[in-house]
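Structural overview
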Amino acid sequence: MTDLSSWHDDQEYVGIIEDLLSTPQVQKLAEFTQHHYTNRLDHSLRVSYMSYLICKRQKLDYRAAARAGLLHDLFYYDWRTTKFDSGTHAYIHPRIALRNAERLTALSAKEKDIIIKHMFGATLAVPKYRESWVVSLVDDYVAVEEVAKPWQAIAKHRLQKPLRFIRSLV
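Figured I'd write up the structure that's included with this text. (Residues numbered from 1 in each chain as written. Predicted model: local features only at pLDDT ≥ 70, side-chain atom pairs only at ≥ 80, totals over all residues. Heavy atoms only, no water.)

**Describing helix 1 (residues 11–21)**
Stated precisely, the cut-off is as follows: The buried label applies to any residue whose accessible area, calculated with a 1.4 Å probe on protein chains only, is under 20% of its type's maximum; exposed applies above 50%, and partly exposed to all values in between. Numbered from the N terminus, helices here are DSSP runs of H or I no shorter than four residues, and strands are runs of E no shorter than two. Regarding the arc, it is the one traced by the directions from the helix axis to the C-beta atoms.
The complete set of buried residues in helix 1 reads Tyr-13, Val-14, Ile-16, Ile-17, Leu-20 and Leu-21. Viewed end-on, helix 1 has its buried residues packed into an arc of 165°, placing them on one side of the element.

As structure tokens, then:
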């Protein structure tokens, strides 16, 4: 997994998100499993910080990317077991996250677009801003990393025994 733990040391980034991160609503995300091997708060922090870094490098609105990236999955249910009659999880959870984020803080139009359209590809809501594209793509990348990394470790471990056997024959 991309090591994004250095976010703690990035004072500018921390200054941008600390008011959100200190709230019980955001801290509660740590109670929910995300992508089987992590929790939703850690996932959101990865998406937020990586989006912040990319947007800062590209001279985009890194503040909006950092804040909306942290809030993009601000919902409190297990998406693997909770089902909705009005649409799929990919369609519903950005709307719930946006509603929850609006209750937590004032959002710019860009931040709203980032949150509501972060599932582009799984939904047809096309991002309006470049920052929305960044967060959507980073969210996909981080999700794949979170799912794939443990499987890589398992595969590597399982390959060790046959490799030792083959080496013993040489």
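There's plenty left to go through after this.
**Brief notes about the packing of aromatic side chains**
Defined as follows: Centres within 6.5 Å make a pair out of two Phe, Tyr or Trp rings, where for Trp the six-membered ring is used; the pair is then stacked when the planes are under 30 degrees apart, edge-to-face when over 60, and tilted otherwise. Geometrically, a charge over a ring is one whose NZ (Lys) or CZ (Arg) sits within 6 Å of the ring centre while staying within 35 degrees of the ring normal.
This model, assessed by the stated rule, comprises eight aromatic pairs. Between Tyr-13 and Tyr-52 the ring centres are 5.1 Å apart and the planes differ by 55°, which places this aromatic pair in the tilted class. Here Tyr-13 is found in helix 1, whereas its partner Tyr-52 is found in helix 3 (residues 40–57), with 39 residues between them in sequence. According to the relative accessible area criterion, Tyr-13 is buried, its value standing at 0%. Considering the side-chain rings of Tyr-49 and Tyr-52, the 5.7 Å spacing of their centres and the 20° angle between planes classify their relative orientation as stacked. Taken together, the residues span about one helical turn, with Tyr-49 and Tyr-52 both in helix 3 at a distance of three residues. In this structure an aromatic cluster arises from ring pairing among Trp-7, Tyr-13, Tyr-49, Tyr-52 and Tyr-62. The ring centre of Tyr-62 lies 5.5 Å from the NZ or CZ of Lys-56, which sits over that ring. Here the basic side chain of Arg-95 rests over the ring of Tyr-91, its NZ or CZ set 3.7 Å away from the ring centre.

**Some details on the nonpolar core**
We count it as follows: Here the nonpolar core consists of buried residues drawn from Ala, Val, Leu, Ile, Met, Phe, Trp, Tyr and Cys, with membership extended through side-chain atoms lying within 4.5 Å. Should any heavy atoms of two residues lie within 4.5 Å, those residues are considered in contact.
Ranked by size, the top nonpolar core spans 35 residues in total, and within it Trp-7, Tyr-13, Ile-17, Val-26, Leu-45, Leu-71 and Ile-115 carry the most contacts. Contributing elements (two or more residues each) for this core: helix 1, helix 3, helix 4 (62–71), helix 5 (89–104), helix 6 (109–116) and helix 7 (130–169). It is helix 3 that contributes the most residues to this core, seven residues altogether. Among residues more than four places away in sequence, those in contact with Leu-71 are Leu-20, Val-26, Ala-97, Ala-101, Leu-104, Thr-105, Leu-107 and Ile-115.

**Points about a nonpolar patch on the surface**
What counts here: Nonpolar side chains (Val, Leu, Ile, Met, Phe, Trp, Tyr) within 5 Å and like charges within 9 Å form the patches, drawn only from residues with over 30% relative accessible area and no salt bridge. Areas reported here follow the Shrake-Rupley algorithm with a probe of radius 1.4 Å; residue values treat only the protein chains shown as occluding. Here a salt bridge means any side-chain nitrogen of Lys or Arg lying within 4 Å of a carboxyl oxygen belonging to Asp or Glu.
A contiguous nonpolar patch, built from Val-126, Trp-133 and Leu-137 and spanning about 280 Å² of accessible area, is present on the exposed surface. Along the chain, Leu-137 falls in helix 7.

**A short note on the pattern of salt bridges**
For the structure shown, the criterion picks out nine salt bridges. The shortest N-O distance in the salt bridge between Glu-12 and Lys-56 comes to 2.3 Å. Taken together, the residues Glu-12 in helix 1 and Lys-56 in helix 3 connect sequence positions 44 residues apart. A residue is classified by how much of its surface remains accessible, and Glu-12, at 33% relative accessible area, is partly exposed. Judged by its relative accessible area of 34%, Lys-56 falls in the partly exposed class.

**Considerations on the side chain of Ser-132**
By the element assignment, Ser-132 lies in helix 7. Ser-132 sits in the buried class, given a relative accessible area of 0%.

**Describing the environment of Val-134**
In this structure, Val-134 sits in helix 7. Judged by relative accessible area, which is 14%, Val-134 ranks as buried. Sequence separation of Val-134 and Ile-54 is 80 residues, and the distance between their C-alpha atoms is 7.6 Å. Ignoring any residue separated from it by four or fewer positions in sequence, one finds Val-134 in contact with Ser-51, Ile-54, Cys-55 and Leu-60.

**Quick notes on the packing of helix 1 against helix 3**
When two helices pack together, their arrangement is given by the angle between their axes and by how far apart the axes lie. How we decide: Here the axes come from fitting lines to C-alpha atoms, over the contacting stretch only for helices, and the angles between their N-to-C directions go from 0 to 180 degrees. Put simply, a crossing is left-handed when the front helix is turned counterclockwise from the back one by less than a right angle, and right-handed when it is turned clockwise. Residue classes follow a fixed rule: Ala, Val, Leu, Ile, Met, Phe, Trp, Tyr, Cys and Pro count as nonpolar, while Asp, Glu, Lys and Arg count as charged, and any other residue, Gly among them, counts as polar.
Close contact between helix 1 and helix 3 brings their axes to 11 Å; oriented N to C, the two are set at 145°. Relative to helix 3, helix 1 is oriented so that their crossing is right-handed. Across from Glu-12, Tyr-13, Ile-16, Ile-17 and Leu-21 in helix 1, the residues of helix 3 making contact are Leu-41, Leu-45, Ser-48, Tyr-49, Tyr-52 and Lys-56. Residue classes in the contact of helix 1 with helix 3 are distributed as eight nonpolar, one polar and two charged.

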